Amino acid sequence: AESRLHLLTDEFFLDVFEVLQDEGVMCVFSDAQKYMQQLAQSLGKIKKKKKANIITLDTDHPHEDFGGIRLYEGLPPQGCGHVVNETSYFDRFWEHGKRVRRFY
């Protein structure tokens, strides 16, 4: 996930973990599966190095595991901070292609 063009770099996540309050939640939600897999791998490395206390959502939903970071497919539950399913500008592009896969 490291690239000078990406916002969600290791440094970004470490900065977020510095200011995130106890019991704080950060949910990354995207339709780009490969990118989400890269982010999960990066977070797994951060977790392994104990640079941040990262706890992933614990549900029975099917998921991929990347070093202790779970990547789920579908819509995140309210516990992740995803309260309402809204249509974004980018969703309109997907509607024409009948693509509906999302990852969190």
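Each chain has its residues counted from 1, following the order in which its sequence is written. Residue-level local features of this predicted model are given only where pLDDT is at least 70; pairs of side-chain atoms are given and counted only at 80 or more, and the full residue set underlies all totals for whole chains, interfaces and linings. Each side-chain value is derived from all of the structure's non-hydrogen atoms; neither hydrogens nor water enter the calculation.

Participant: Describe the overall build of the protein chain, naming the residues involved and giving the relevant values.
Facilitator: Numbering of helices and strands runs from the N terminus, with a helix taken as a DSSP run of H or I at least four residues long and a strand as a DSSP run of E at least two residues long. The helix and strand tally for the protein chain stands at 3 helices and 2 strands. Going from the N terminus to the C terminus, the protein chain shows its helices and strands as α-α-β-β-α. The proportion of buried residues among the 104 residues of the protein chain is 28%. Any pair of residues with heavy atoms lying within 4.5 Å of one another is described as a contacting pair. Look at the contacts in the protein chain between residues 6 or more apart in sequence, and 59% of them connect residues 24 or more apart. Here the accessible surface of atoms and residues is derived via Shrake-Rupley with a 1.4 Å probe, and residues count as covered only by protein chains that are part of the display. Total accessible area on the protein chain is roughly 7800 Å²; 51% of this is exposed by carbon and sulfur atoms. Relative accessibility thresholds used throughout: buried, under 20% of the residue-type maximum; exposed, over 50%; partly exposed, between the two (1.4 Å probe, protein chains only).

Participant: Could you give an account of helix α2 (residues 33-48), with specific residues and numbers?
Facilitator: One turn of an α-helix holds 3.6 residues; hence residues three or four places apart share an orientation. With 16 residues, α2 extends 22 Å from end C-alpha to end C-alpha; this agrees with the ideal 22 Å at 1.5 Å per step. When α2 is considered as a whole, its buried residues turn out to be Tyr-35, Met-36, Gln-37, Leu-39, Ala-40, Ser-42, Leu-43, Gly-44 and Ile-46. Its buried side turned inward, α2 meets α1 (10-19), β1 (63-66) and β2 (69-72). The first or second residue beyond α2 is Lys-50, which carries a positive phi of 55°. An expected span of 1.5 Å times one less than the residue number is assigned to each helix.

Participant: Outline the pairing of β1, supporting the account with residue identities and numerical values.
Facilitator: Pairing between β1 and β2: 4 bridges, direction antiparallel. Counted as the bridge partner of Glu-64 is Leu-71 from β2. We call two strands paired when DSSP finds no fewer than two bridges between them. Adjacent in sequence and paired antiparallel, β1 and β2 are bridged by 2 residues, among which Gly-67 carries a positive phi angle near 60°.

Participant: Pulling in residues and values, what's your account of the pattern of salt bridges?
Facilitator: Salt bridges are defined by distance alone: a side-chain nitrogen of Lys or Arg within 4 Å of a carboxyl oxygen of Asp or Glu. Following the criterion strictly, the structure yields 1 salt bridge and no others. Residue Arg-101 pairs with Glu-73 through a salt bridge whose shortest N-O separation is 2.8 Å. On the criterion of sequence distance, the pair formed by Arg-101 in the segment after α3 (89-97) and Glu-73 in the loop between β2 and α3 is long-range, its members being 28 residues apart. Take Arg-101: its relative accessible area is 41%, and that puts it in the partly exposed class. On the accessibility criterion, Glu-73 (43% relative accessible area) is partly exposed.

Participant: So, the layout of surface pockets: which residues are in play, and what are the values?
Facilitator: Cavities and pockets are defined on a 1 Å grid built over the protein atoms alone: a cavity is a set of grid points where a 1.4 Å probe fits but cannot escape, while a pocket is an open set with protein on both sides within 12 Å along at least five of seven lines, and lining residues are those with an atom within 4 Å of any such point. Grid points are joined across faces, edges and corners, and a volume is the space filled by probe spheres set on the points. Of the volumes computed, that of the largest pocket is approximately 870 Å³. Lining the largest pocket we find 28 residues, and of these Gly-24, Met-26, Ile-54, Ile-55 and Thr-56 sit closest to its centre. Put simply, Ala, Val, Leu, Ile, Met, Phe, Trp, Tyr, Cys and Pro go in the nonpolar bin, Asp, Glu, Lys and Arg in the charged bin, and everything else, Gly too, in the polar bin. Among the residues forming the lining of the largest pocket, the class breakdown is 20 nonpolar, 5 polar and 3 charged.

Participant: So what about the nonpolar core? Which residues, and what values?
Facilitator: The tendency in soluble globular proteins is for nonpolar side chains to be buried as a group. Grouped together as the largest cluster of nonpolar side chains are 14 residues, with contacts concentrated most on Phe-13, Leu-39, Leu-43, Ile-46 and Ile-54. Counting residues per element, the ones that place at least two in this core are α2 and β2. A total of 6 residues in this core trace back to one element, the largest contributor, which is α2. When neighbours within four sequence positions are excluded, Phe-13 is seen to be in contact with Leu-8, Met-26, Val-28, Leu-39, Leu-43 and Ile-46. Here, nonpolar core means buried Ala, Val, Leu, Ile, Met, Phe, Trp, Tyr and Cys residues that are tied together by side-chain atoms lying within 4.5 Å of each other.

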